[in-house]
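Take a look at the letters that make up each chain.
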Amino acid sequence: MRIGFQEILFITFIILLLFGGKKIPELMKGLGKGISSFKQGMKEVETDINDAVKDKENEGK
């Protein structure tokens, strides 16, 4: 189930047809912001879970 070079080239071609060359940088910028926001949210959730686990461990002592 790997994506090869031909598939990536085909997907890129379809994106260029749909959005045009001028919209691609804007789309990538939005995608990058979305990914970084997702990562930040995941870190916050992980921190909250770790804090909850530490609190439970401290209650048991």
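For the structure given in this document, a descriptive report is provided here. As the structure is a computational prediction, the values presented were derived from the model and not from experiment.

This paragraph deals with the overall build of the protein. Scanning the protein from terminus to terminus reveals 2 helices and 0 strands. The C-alpha radius of gyration of the protein comes to 21 Å, more than 25% above the 10 Å expected for a compact globule of 61 residues. With respect to the principal axes defined by its C-alpha atoms, the protein has extents near 60 × 30 × 10 Å. Across the 61 residues in the protein, those meeting the buried criterion constitute 2%. For the protein, the accessible surface area stands at approximately 6,000 Å², while carbon and sulfur atoms represent 64% of it. Positive and negative side-chain charges of the protein, numbering 10 and 9 respectively, have mean locations separated by a distance of 11 Å.

Spanning 15 residues, helix H1 (residues 5-19) covers 21 Å between terminal C-alpha atoms, matching the ideal 21 Å at 1.5 Å per step. Of the residues flanking the end of H1, it is glycine 20, one or two places downstream, whose phi is positive at about 80°.

Residues Phe10, Ile11, Phe13, Ile14, Ile15, Leu17, Leu18, Phe19, Leu27, Met28, Leu31 and Ile35 make up a contiguous nonpolar surface patch of about 1,100 Å² in total accessible area. Every element with two or more residues in the nonpolar patch is listed here: H1 and helix H2 (24-60). Of the residues forming the nonpolar patch, the biggest block, 8 residues, is contributed by H1.

A separate point is a negative patch on the surface. Together, Glu44, Asp48, Asp51, Asp55 and Glu59 make up a negatively charged patch on the protein surface. Along the chain, glutamate 59 turns up in helix H2.

Criteria and thresholds
Residues numbered from 1 in each chain as written. Predicted model: local features only at pLDDT ≥ 70, side-chain atom pairs only at ≥ 80, totals over all residues. Heavy atoms only, no water. Helix = DSSP H or I, 4+ residues; strand = E, 2+ residues; numbered from the N terminus. Rg over C-alpha atoms; globule rule 2.2 N^0.38 Å. Buried < 20%, exposed > 50% of the residue type's maximum accessible area, 1.4 Å probe, protein only. Areas by Shrake-Rupley, 256 points an atom, 1.4 Å probe, with all protein chains shown as cover. Lys, Arg positive; Asp, Glu negative; His and termini not counted. Charge placed at Lys NZ, Arg CZ, Asp CG, Glu CD. Expected span 1.5 Å × (residues − 1). Patch = residues over 30% accessible without salt bridge, like charges linked within 9 Å, V, L, I, M, F, W, Y side chains within 5 Å. Salt bridge = Lys/Arg side-chain N within 4 Å of Asp/Glu carboxyl O.

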